[in-house]
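Listed below are the residues making up each chain.
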Number of protein chains: 2
Amino acid sequence: MKRKPAARVIRRVRVFHLTTGEWEEDTDIALDSQGWIAAVGPGYEGEEVISGEGLIAVPGFVDAHMHLESSLMTPRQYERMVTAHGVTTAVCDPHELANVAGEAAFAYYLQAAQALKMSLVVRLASCVPATTLETSGAAVEAPCLKRWRERDPGLGLGEFMNVPGVLFQDPEVLAKLEGDPFVDGHCPMVSGEALNAYLSVGVRNDHECSSLPEAREKLRRGIQVLIREGSAARNLEALLPLMTLENSYQLAFCTDDRNPLDMEEGEHLDAMVRRAIQAGVSPLVAYRVASDSAARGMGLTDRGLVAPGRRGDILLLSDLEECRIQRVLVGGVPREELDLAEEGATFPSEEPFLHSVRCRPMTPEDFPLLPRDGRLHPVMGMADGSLLTERLSLPVDAPDVLPVAVVERHGKNGNVGRGLVRGFGLRAGALASSVGHDGHNLCVVGTSPQAMSQAVNALRESQGGFAVVDADGSCLLLPLPVAGLMSQEEGPVLANRLRKLHQAARELGCSLRDPFLQLAFLPLAVIPHLKLTDRGLVDVDAFRLLSPEEC
Amino acid sequence: MKRKPAARVIRRVRVFHLTTGEWEEDTDIALDSQGWIAAVGPGYEGEEVISGEGLIAVPGFVDAHMHLESSLMTPRQYERMVTAHGVTTAVCDPHELANVAGEAAFAYYLQAAQALKMSLVVRLASCVPATTLETSGAAVEAPCLKRWRERDPGLGLGEFMNVPGVLFQDPEVLAKLEGDPFVDGHCPMVSGEALNAYLSVGVRNDHECSSLPEAREKLRRGIQVLIREGSAARNLEALLPLMTLENSYQLAFCTDDRNPLDMEEGEHLDAMVRRAIQAGVSPLVAYRVASDSAARGMGLTDRGLVAPGRRGDILLLSDLEECRIQRVLVGGVPREELDLAEEGATFPSEEPFLHSVRCRPMTPEDFPLLPRDGRLHPVMGMADGSLLTERLSLPVDAPDVLPVAVVERHGKNGNVGRGLVRGFGLRAGALASSVGHDGHNLCVVGTSPQAMSQAVNALRESQGGFAVVDADGSCLLLPLPVAGLMSQEEGPVLANRLRKLHQAARELGCSLRDPFLQLAFLPLAVIPHLKLTDRGLVDVDAFRLLSPEEC
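Residues numbered from 1 in each chain as written. Chains lettered and ligands numbered in written order. Predicted model: local features only at pLDDT ≥ 70, side-chain atom pairs only at ≥ 80, totals over all residues. Heavy atoms only, no water.

Draft legend 1. Inspection of the relation of the copies chain A and chain B at higher detail. The operation relating chain A to chain B is a screw motion whose rotation component is 180°, with 0.0 Å of axial translation and a residual RMSD of 0.0 Å. The two molecules are tied by a two-fold rotation axis, judged by turn and shift. Within chain A, A:L245 has its C-alpha nearest the rotation axis, a separation of 3.4 Å. In this assembly the copies share their binding face: 100% of the residues contributing to the interface of chain A also contribute to that of chain B. (Least-squares fit on C-alpha atoms with pLDDT ≥ 70 in both. Contact = heavy atoms within 4.5 Å.)

Quick look at the structure:
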């Protein structure tokens, strides 16, 4: 009511309104001391004034589905990096950490969410382990989920990947859906009656659409399509034609899995907005999808617009079409003041998640080469920028076919699953990763048993990370000691290390955008068509392990 | 999964999809035994088959804000009438009954909601009484609201009419907003910094926009505009230009106050859709606003689309543009089978709400005429189809200026508020109503003290209702014995009686569409500009009673 100055005022800015597409010229945005937008309109005074002259205000972006672990960072470092790209809310599915450490992962992220200025919307991981076809470090069952939901009924379920469990009405799977929680979906290539059956349990969205017909069918069936642009899986280009005014509130953007190198090089929701507009999408639709649509779809009615009563999540742009972000306010706090604003906040400790790699030392004999006898074997056909694999049938000496293995690392059973993959392009050496969705066993691909065992042993010693062993047997490592998934280093440091690893992999012939993410997704047996876990090769469509005879 | 036949199938229908505007031809809609949509697609079998040939399926309509009492019916009779117009969800603000009977009104509607097949979404009445400037039968304070919300956190607050209470930070008013409930708004003509301040407490919508600039400002400030078309207040025509694809999800339809006569004559959400399309609005936008937009805005994510996992609220149309409804499924049940489907359900008793008119018998001396001395008096200037009144200054013998009075009827203090009104057109007799928003005192307008006292006494004897006293002193009555607001009769019976009363009023010279609703809204001191309660004339803009000198 202008009775006293607001805590902060953005003065004389242009607001681009996502409700109607209208411009509001030369106006002020007043923020209260709790970081909420108190008013939009002319003539507000503030104790602190931010000049908005020449700038355009839009709401902060919402990453509608992501696994924070894929950033390799802790939540605080993650916040520093993504807010630079305009992301002020991220819907966090903690199932990576939960696969290693169980429900302690929920407590960890919920405490981080309390401490952060950005909004981390924590879901309960619904499918830990993702399937019974792999060995995980921990399991989260229905009673555990129920206990957490009773504590906070607002906690929805993260991506419900167990589609067969729903279709075949597995009682344990259905028990997780009791009490009508908010359920994020995951149903790549699910269609027809299976899609109907899967969605009928109340699933709200899906981020696994890779083609236009698939996405259109899902929109018709009433769910929100989260257009994903991760470091490995990249669906924006294929789904751009969806970005119309008609559909704008049925869509959202998400990253799912984004590495810190991409973030440092400018690839995040801001780049998605920019590319969409360059491809002809109207700015209203592009910005809506990046913020208001996502917020609404996720039930977050307190954000997504520059309007009174909303969170003070505001981007100040110098150019709308180019999405040039000049300043970011995160919950009313300028991004450059986050350190000050979070002083005294209690961030959770990573200590309980250290020392999580518990496998025996490997030898070259653990990775025997198959005989070059001309026999055909099932081969995972990988494509850059996709998590889907083809099921190929090739001889062991076909071009670019390499041995790959998944080594159980939680100290449960010492399993080693073995298979073949095409698409890495490695001419020498090996790549290994302790990130291996979702059970997070050790994944390794290589050209020789020696290089493969050396790479796995390097990860065992470092208690997790990414490793590149080159032709000479020297090993380059990015340690990820927190549950074998994350580092406590700052984002730019990690980005730099990852850049060196990518470079090393490229020197060995691997030209994938993110070889480690592609490797890490080979075990995920809820994504078609052929996958490899510590228990062996999985026919995802049939949802079963291949028999020794079939391998 | 087509493993067994669904409970019901709508066979070979065309679905008009509100997500994208696409048509899905020649498809089936399968419903499960609980009345939910299990699947949409070809080839489903059902134990019961409804032919959809030649018909178009759209989702059931959502009336985003209404007072069930204005239908004069009990919930069960209300359901029979509105479902015929395609309304399968109604957001019910019980503040009329609550002003007479307090929180018993919440229990009454919540029990009715359990028993009905249509979805009655019950809010907690937030402003009972609406203001301190009138006498109501009961009050609902913050601790009472808190108690109800603790029982069910999903119960939002009904229209928060006390705008001054928010602007001046009245602690009792702010206490009602504690705990971040969903808050429906009510802010006629509120603009600028007052609008900012009002919305900053988390208000989500407003149904009081009467002009385009007013509605556009509210959309910019991030709230949903509920386009109201009631029996008295009619805003659709003025707000039609809002109905664009850009804005479609920021809008909804509501009736607020609809009498049974209008309903019987075909005026409800179906007519709003029809008129919007006739005026050039695209069918996608019109149907979206009538269902999916409203559902989303109200947080009702389990309906609003013909899609798996949604309520089986489905309209089968023979004509999309004309909105010709052939069949209605309410929670999966064909409308004509509602009686059967509700057999055994426990509807709440109206017994506790009978005998609520507790005023003394009136005499002509209670309604003295002002002297014709040429002095100017404040006069409420009424317009057909609007709840807003002008504040006029006229002599007592100016054309069409009539005495009006509000008689306290809850047995509290025997107040009689007196004033003048222009706009009824009565040439003889009197009209009286025990519906008098929101305190529901007795309202009477007439041409003579005799007719006025006779009309009020008739209502006293009938324990509520509408009365018309004609030039000869004969009295026509529509009894409303339930809290002086509702009848237990069936809708068509009430419609017929109301038609006769309207006819009688017209014969006395009153040409208003709904003279009783217009009379009943004269006491509502939260709608600008000049109103009359049992305590006297109210300057709504200044939020104070006029002094005797000012009258």
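Draft legend 2. Structural context of the packing of helix α11 (residues 269-278) of chain B against helix α12 (residues 283-290) of chain B. Residue and element names in this part refer to chain B. Put simply, α11 and α12 touch, their axes get as near as 9 Å, and they point 155° apart. With respect to α12, the element α11 is oriented roughly antiparallel. Read as a crossing pair, α11 and α12 show a hand that is right-handed. For the pair α11 and α12, contact is made by L269, V273, A276 and I277 and by P283, A286, Y287 and A290, respectively. Class assignment for the residues of the contact of α11 with α12 results in eight nonpolar, no polar and no charged. (Axes fitted to C-alpha atoms, helices over the stretch in contact; angles between N-to-C directions. Helix = DSSP H or I, 4+ residues; strand = E, 2+ residues; numbered from the N terminus. Parallel < 35°, antiparallel > 145°, perpendicular 65-115°, else oblique. Left-handed = near helix turned anticlockwise from the far one by under 90°. Nonpolar A, V, L, I, M, F, W, Y, C, P; charged D, E, K, R; others polar.)

Draft legend 3. Structural detail: the pattern of salt bridges. All names here are of chain A. Evaluated as defined, the whole model comprises 80 salt bridges over all chains. The residue D262 makes a salt bridge to R258 at a minimum N-O spacing of 2.8 Å. Comparing D262 with R258 shows no difference in burial state: the two are buried. Close ionic contact of E336 with R327 constitutes a salt bridge, the shortest N to O distance being 2.4 Å. (Salt bridge = Lys/Arg side-chain N within 4 Å of Asp/Glu carboxyl O. Buried < 20%, exposed > 50% of the residue type's maximum accessible area, 1.4 Å probe, protein only.)

Draft legend 4. Just the side chain of A:T19, in detail. Tracing the backbone through its elements, the reader meets A:T19 in the loop between β1 (6-16) and β2 (23-31). Other than its neighbours up to four places away in sequence, A:T19 contacts A:Y249, A:R288, A:R296, A:L305, B:L219, B:R220, B:G222, B:E246, B:N247 and B:Q250.

Draft legend 5. Quick look at the interface of chain A and chain B. Contact with chain A, which involves 45 residues of that partner, is made by 45 residues of chain B. In this assembly, chain A packs against chain B so that about 3600 Å² is buried in total across both faces, 48% of it on carbon and sulfur atoms. The largest contributions to the chain A side of the interface with chain B come from A:M1, A:R220 and A:R221, which together make up 17% of the buried area. Run the count over chain A and chain B and you get eight salt bridges. Here B:R220 ties to A:E24 by a salt bridge, and the two come within 3.9 Å at their closest N and O atoms. Counting every contact that joins chain A to chain B gives 29 residue pairs in polar contact (both at pLDDT 80 or more). Of all elements in the fold, only β3 (37-41), α7 (192-199), α8 (212-220) and α12 (283-290) of chain A reach the threshold of two or more residues within the side of chain A that touches chain B. (Buried area = accessible area lost by both parts, 1.4 Å probe. Polar contact = N/O pair within 3.5 Å; in protein donor to acceptor, adjacent residues only side chain to side chain.)

Draft legend 6. Summary view of the sheet that holds strand β6 (residues 61-66) of chain B. Residues and elements named next belong to chain B. The three strands lie next to each other as β6-β7-β8, forming an open sheet whose pairing is parallel. Only two strands of the sheet have a single neighbouring strand rather than two, namely β6 and β8 (119-122). Neighbour-to-neighbour, the strand axes of the sheet open up by a mean angle of 15°, direction not taken into account. In terms of strand pairing, β6 meets strand β7 (residues 87-92) through four bridges, oriented parallel. Residue pairing for β7: D63 is matched across the bridge by A90. (Pairing = 2+ DSSP bridges.)

Draft legend 7. Just the environment of A:V306, in detail. Mapping A:V306 onto the fold places it in the loop between α13 (292-297) and β14 (314-319). A residue is classified by how much of its surface remains accessible, and A:V306, at 4% relative accessible area, is buried. When the C-alpha atoms of A:V306 and A:G60 are compared, they prove to be 8.9 Å apart, with 246 residues separating the residues in sequence. Apart from the residues within four sequence positions on either side, A:V306 is in contact with A:V15, A:H17, A:I29, A:I37, A:V40, A:A57, A:V58, A:P59 and B:R220.

Draft legend 8. Quick peek at the confidence of the model for chain A. Residue-level pLDDT values for chain A average 97, and 100% of them are 70 or greater. As scored by the predictor, the complex reaches a pTM of 0.95 and an ipTM of 0.94. (pLDDT = per-residue confidence, 0-100.)

Draft legend 9. Summary view of helix α8 (residues 212-220) of chain B. Residues and elements named next belong to chain B. Turning to α8, its buried residues are E214, A215, E217, K218 and L219. Where α8 is buried, its residues touch α7 (192-199), β11 (205-206), β12 (224-228), α9 (236-239) and β13 (251-254). Once α8 ends, the next one or two residues include G222, with phi positive near 90°.

Draft legend 10. Structural detail: the sheet that holds strand β19 (residues 401-407) of chain B. Residue and element names in this part refer to chain B. The strand order β18-β17-β20-β19-β22-β21-β23-β24 describes an open sheet built from eight strands, whose pairing is mixed. Of all the strands in the sheet, just β18 (389-395) and β24 (475-479) have a single pairing partner and so form its edges. When strand polarity is set aside, the average angle formed by the axes of neighbouring strands in this sheet is 25°. Bridging between β19 and strand β22 (residues 442-446) involves four bridges; their strand directions are antiparallel. Looking at β22, one finds that V407 is bridged to L442. Packed on one face of the sheet, helix α16 (residues 491-507) meets β21 (430-433), β23 (465-469) and β24 and runs near 150° to β24.

Draft legend 11. Highlighting unusual backbone geometry. For the bond running from A:P528 to A:H529, omega is 0°, close enough to zero to count as cis. Checked against the element boundaries, A:H529 lands in the loop between α17 (515-520) and β25 (530-533). Cis geometry is adopted by the peptide bond preceding B:P129, which originates at B:V128 and carries an omega value of 0°. Phi is positive for B:D256, which is not a glycine, with a value near 60°. As for its position among the elements, B:D256 is in the loop between β13 and α10 (260-264).

Draft legend 12. Structural detail: the packing of aromatic side chains. Within the structure shown, the criterion is met by 15 aromatic pairs over all chains. Aromatic pair A:Y249 and B:Y249: ring centres 5.7 Å apart, planes at 85°, arrangement edge-to-face. You can see A:Y249 sitting in the loop between α9 (236-239) and β13 (251-254) and its partner B:Y249 sitting in the loop between α9 and β13, one on each of two chains. Exposure class is identical for A:Y249 and B:Y249. Each is buried. With 6.4 Å between their ring centres and 80° between their planes, B:F16 and B:Y287 make a pair best called edge-to-face. Here B:F16, found in strand β1 (residues 6-16), pairs with B:Y287, found in helix α12; they are 271 residues apart in sequence, far enough to count as distant. Using a relative accessible area of 5% as the deciding quantity, one classes B:F16 as buried. According to the relative accessible area criterion, B:Y287 is buried, its value standing at 0%. Members of the aromatic cluster, each reached through a chain of ring pairs, are A:F16, A:W23, A:F61 and A:Y287. Sitting above the plane of the A:Y44 ring, A:K2 keeps its charged end 4.6 Å from the centroid. (Phe/Tyr/Trp six-rings, centres within 6.5 Å; stacked < 30°, edge-to-face > 60°. Lys NZ or Arg CZ within 6 Å of the ring centre and 35° of its normal.)

Draft legend 13. Expanded view of the side chain of A:S462. Structurally, A:S462 can be placed in helix α15 (residues 449-462). Reaching out from A:S462, the side chain makes a polar contact with the backbone oxygen of A:G464 at a distance of 2.9 Å.

Draft legend 14. Region of the structure containing the environment of B:M298. Relative to the elements of secondary structure, B:M298 occurs in the loop between α13 (292-297) and β14 (314-319). Discounting chain neighbours no more than four positions away, the residues touching B:M298 are B:A64, B:V91, B:R123, B:F182, B:D184, B:N205, B:Q224 and B:L226.

Draft legend 15. Just the pairing of strand β15 (residues 324-330) of chain B, in detail. Residue and element names in this part refer to chain B. Note: β14 against β15, five bridges, orientation antiparallel. Its bridge partner being in β15, L317 is matched across the sheet by I325. Connecting β14 to the antiparallel partner β15 that follows it, the hairpin turn spans four residues, and C323 within it adopts a positive phi of roughly 50°. The pairing of β15 with strand β16 (residues 333-334) spans two bridges and is antiparallel. By the bridge assignment, L329 is partnered in β16 with P334.

Draft legend 16. Geometry of helix α4 (residues 142-151) of chain A. All names here are of chain A. Buried within α4 we find A142, C144, L145, W148 and R149. On an axial view of α4, the arc spanned by its buried residues comes to 160°, and they lie on one face. Residues P143, K146, E150 and R151 are exposed on α4 and point more than 90 degrees away from its buried face. Against α3 (104-115), β9 (157-160) and α6 (171-176) lie the buried residues of α4. (Arc of directions from axis to C-beta.)

Draft legend 17. How the structure looks around the pairing of strand β19 (residues 401-407) of chain A. All names here are of chain A. Of all seven residues in β19, seven are buried, a share of seventy percent or more. Across the two faces of β19 the burial is the same, with V401, P403, A405 and V407 and L402, V404 and V406 all buried. The pairing of β19 with strand β20 (residues 416-422) spans seven bridges and is antiparallel. Bridged to V406 within β20 is G417.

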